[in-house]
Each structure stands twice: as C-alpha cells, then as structure tokens.
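The chain contents come next:
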Amino acid sequence: MLTINPVKAWGSLAMSLGLSLLAFGLGTQIPLQLSAAPLWLLYAVVTGTVAGGCWVIAHECGHHAFHPNRRVEAVVGFVLHSLLLVPYYTWQRSHAVHHANCNHLEGGETHVPPRSDAPMGRIVAGVSRLLGPELFGTLSLITHLLMGWPLYLLFGVAGGEDYGAPTSHFWNAGPFRNGVRPLFPDSFRRVMLVSNLGVLAMLLALGLASLQFSLARVLCVYALPYLVVNAWLVGYTWLQ
C-alpha cells in the first residue's frame, strides 16, 4: 500500500515551484537582443528542466500519490498543470488509459505508431522513403520533441487508433469522437470544461503580460522553457 508523506510532498512542491519562479524571474532580466541568444538558450534549458519538476509533481497528483486528501491533491495538480497549459482532468483520464494499455499498438494512448495500411501510416512511409531514414529520423525527433505534446493535446496526434482520429483533450464531441470507443465519455464533459478554464486563465495571464511587457519578452521568458519542459516529457515517455 502506498504511504504518502505530506511533509516531503510539500517540501518537493516548495522546492520545484520556488526554483522555477526564481529561474523565470532571472529570465525577466535577460536583454532582448540577438547577442544574448546563447544566454537565452542556456536559460531555456535550465528553466525548462527545473520547471519539469512542477510537471512531475502534477503527474503524481494525477496518480493520487502526492497527498492523502484528494481535494487538496486535485487543486495542486490542477494549478500546476494549468500553469504549464495542460488540461489537468482530461490529461488525468488519458494518462490512466495510457497506463492501462501501455505499449498496446491499438489500445495504447501515447506514441502509438499508425498501421501501415492506414492513411497516416501510408503518409509516414511515403515521407520516410522520400527523405531517407537519416533525415526522416532527425526531423521526426525534432518535431516530436518540440511539437508532439501540444499536437497530442489538441488533436490526439500519435494517440491510439481505438479512440479515433482526431481526438482532443479540449472537446469530446464531433469531430473529435469517431473511434471504436471514446477517449473521453459524455460524462466527462463537466471536468473537461473545468480543465479548459484553467488553461484559458493561464493564456489570459500570458496575454496580459504581453500587453504589459511585450510579446517578445513573454515568448522568451515563458515559451522557450515551455518547449524544453515538453521535450523532457515527450522524451522520457517515448523511451518508455
């Protein structure tokens, strides 16, 4: 039976969130100049890696492994994932499906390769033949690490074929409902909308910050580490 130590859990949250805020704060001091590009790259890698700790804690909340009080745990997971533009409750559902069908080539839910006779499978095979294995592999690595996560959330890219294509973590009606079985049943609509509100609140905050400090500043301070967080997430899930 899992034993949860709330003191250790809160300590881990304080460390990850505190270091992330410190790193993001330092990003506000880096000049928006081309000559500072190496510094921005270093900032993105360090801050994205540190902020990945917040993603992991939200992940533990999704597994009910952070706090014995489920309501407290849900609030922590919801806030952390919303800050990282992840719809918490719908992710929690699809992630449970992922674990229940891990590495299943049809019922799995992440990094599921398309069938060779499916339209997407034929497209992938054609592009691979056109580019060659080395170039295709390199481009696949880049696109998976940089764009794989948002494309999965928005359109179910690389999701399991049992759930249809496309699917979406933001809406569970047409055109995102055409699989053998629904990824998100109708009963899930209410918590899906709650998840969406969390993401929308964060997008609104980023929009207001852009008006206050400039879009370039927000893209550099927030979006660069965001891409690194996603790369870590996709990378270790892919290796699994």
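Residues numbered from 1 in each chain as written. Predicted model: local features only at pLDDT ≥ 70, side-chain atom pairs only at ≥ 80, totals over all residues. Heavy atoms only, no water.

The next subject is the overall build of the protein chain. The helix and strand tally for the protein chain stands at eight helices and zero strands. Taken over C-alpha atoms, the radius of gyration comes to 19 Å for the protein chain, in line with the 18 Å a tight globule of 240 residues would show. Each principal axis of the C-alpha distribution contributes one length, and for the protein chain these read about 50 × 50 × 35 Å. Burial status across the protein chain gives 39% buried among its 240 residues. In the protein chain, of all internal contacts separated by at least 6 residues, the share reaching a separation of at least 24 is 63%. Surface exposure of the protein chain reaches about 13,400 Å², of which carbon and sulfur atoms provide 72%. (Helix = DSSP H or I, 4+ residues; strand = E, 2+ residues; numbered from the N terminus. Rg over C-alpha atoms; globule rule 2.2 N^0.38 Å. Buried < 20%, exposed > 50% of the residue type's maximum accessible area, 1.4 Å probe, protein only. Contact = heavy atoms within 4.5 Å. Areas by Shrake-Rupley, 256 points an atom, 1.4 Å probe, with all protein chains shown as cover.)

Okay, the nonpolar core next. By size, the foremost hydrophobic cluster in this structure holds 22 residues, and its most contacted members are Trp55, Phe66, Leu80 and Trp149. By residue number, the principal contributor to this core is helix 2 (residues 37-62), which donates six residues. Apart from the residues within four sequence positions on either side, Trp55 is in contact with His81, Leu84, Val86, Trp91, Trp149, Val229, Leu233 and Tyr236. Listed in part, the seven residues of the second largest apolar core include Leu85, Val199, Met202 and Tyr226. (Core = buried A, V, L, I, M, F, W, Y, C linked by side-chain atoms within 4.5 Å.)

Position of Arg129 among the secondary structure elements: in helix 5 (residues 119-131). Considering only alpha carbons, one finds Arg129 and His95, 34 residues apart in sequence, at a separation of 33 Å.

What follows is about the packing of aromatic side chains. Following the criterion strictly, the structure yields eleven aromatic pairs and no others. Measuring from centroid to centroid gives 5.9 Å for Tyr222 and Tyr226, while their planes differ by 20°, and the two rings are stacked. Within this pair, Tyr222 and its partner Tyr226 are both found in helix 8 (residues 215-239), separated by four residues, close to a single helical turn. Like Tyr222, the residue Tyr226 is buried in the burial classification. Ring pairing ties together the aromatic residues Trp55, Phe78, Tyr88, Tyr89, Trp91, Trp149 and Tyr152, which thus form one cluster. (Phe/Tyr/Trp six-rings, centres within 6.5 Å; stacked < 30°, edge-to-face > 60°.)

All right, on to helix 4 (residues 88-100) then. The end-to-end C-alpha separation of helix 4 is 18 Å, in line with the 18 Å expected for 13 residues at 1.5 Å each. Along helix 4, the residues classified as buried are Tyr88, Thr90, Trp91, Gln92, Ser94, His95, Val97 and His98. At its buried positions, helix 4 is contacted by helix 2, helix 3 (70-83), helix 6 (133-155) and helix 7 (189-213). (Expected span 1.5 Å × (residues − 1).)

What follows deals with the side chain of Ser195. The residue Ser195 is located in helix 7 in this model. Residues in contact with Ser195, not counting those within four places in the same chain, are Phe78, Pro87, Tyr88, Tyr89 and Thr90.

Before going further, it helps to examine the state of the cysteines. The full count for this structure, using the stated rule, is zero disulfides. Distance from the sulfur of Cys54, which forms no disulfide, to the nearest cysteine sulfur (Cys61) is 11 Å. (Disulfide = S-S within 2.5 Å.)

What is expected of a backbone is that most residues other than glycine have negative phi and most peptide bonds are trans. Going from Gly174 to Pro175, the amide bond is cis rather than trans, its omega being 5°. Counting through the fold element by element, Pro175 comes out in the loop between helix 6 and helix 7. In the Ramachandran plot, Ala158 falls in the positive-phi region, its phi being about 70° despite a non-glycine side chain. Relative to the helices and strands, Ala158 is located in the loop between helix 6 and helix 7.

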